[in-house]
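Spelled out, the chains give:
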Amino acid sequence: MAHKKAGGSSRNGRDSNSQRLGIKRYGGEIVLPGNILVRQRGTKVHAGANVAMGKDHTLFARIGGKVEYRPGLKRRTHVSVLPAPEAAE
């Protein structure tokens, strides 16, 4: 009698969810307070003026304004939010 042995289960059928990291607002864009600018692991990008860092190194805007990326010392990149000029009425 021909028999087929029990097929073992595959050991590779897992995958993790993507983390959706990266730059969320680019230089020159207008942001509102609290908008996320960069989602990152570690400090690839450092916080500049009017930008705060969350506990997972996420950078977010403290005020509304225009996003600016600048090179800093030791090959660092800093992101700042420049206050938007008040609209003259």
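See the structure above.
Residues numbered from 1 in each chain as written. Predicted model: local features only at pLDDT ≥ 70, side-chain atom pairs only at ≥ 80, totals over all residues. Heavy atoms only, no water.

Colleague: Would you take a moment to explain the pairing of strand β7 (residues 65-71) for this structure?
Modeller: Remark: a regular strand shows side chains that alternate across the two faces of the sheet. Here two bridges tie strand β2 (residues 30-31) to β7, and the two strands are oriented antiparallel to one another. Bridging from a neighbouring strand, Val-31 pairs with Gly-65 of β7. Where β7 meets strand β8 (residues 77-83), seven bridges bridge the pair, whose relative direction is antiparallel. Among the inter-strand pairings, Val-67 is bridged to a residue of β8, identified as Val-81. Connecting the antiparallel pair β7 and β8 is a turn made up of five residues, with Lys-74 showing a positive phi of about 55 degrees. (Pairing = 2+ DSSP bridges. Helix = DSSP H or I, 4+ residues; strand = E, 2+ residues; numbered from the N terminus.)

Colleague: Where do I start with the sheet that holds β8 in this structure?
Modeller: Through backbone hydrogen bonds, the strands of a sheet pair up, either in parallel or in antiparallel fashion. Sheet architecture is open: four strands sit in the order β2-β7-β8-β4, paired in mixed fashion. Looking at which strands have only one partner, the edges of the open sheet turn out to be β2 and β4 (45-47). As paired elements, β4 and β8 share three bridges and run parallel to each other. Each residue of the ladder has a partner; that of Val-45, found in β8, is Thr-77.

Colleague: Sorry, what's going on with the nonpolar core here?
Modeller: Membership of the largest hydrophobic core is limited to ten residues, which are Val-31, Leu-37, Val-38, Val-45, Val-51, Leu-59, Ala-61, Val-67, Val-79 and Val-81. In contact with Leu-59, other than residues within four places in its own chain, are Asn-35, Ile-36, Leu-37, Val-38, Gln-40, Val-45, His-46, Ala-47, Val-51, Ala-52, Met-53 and Val-79. (Core = buried A, V, L, I, M, F, W, Y, C linked by side-chain atoms within 4.5 Å. Buried < 20%, exposed > 50% of the residue type's maximum accessible area, 1.4 Å probe, protein only. Contact = heavy atoms within 4.5 Å.)

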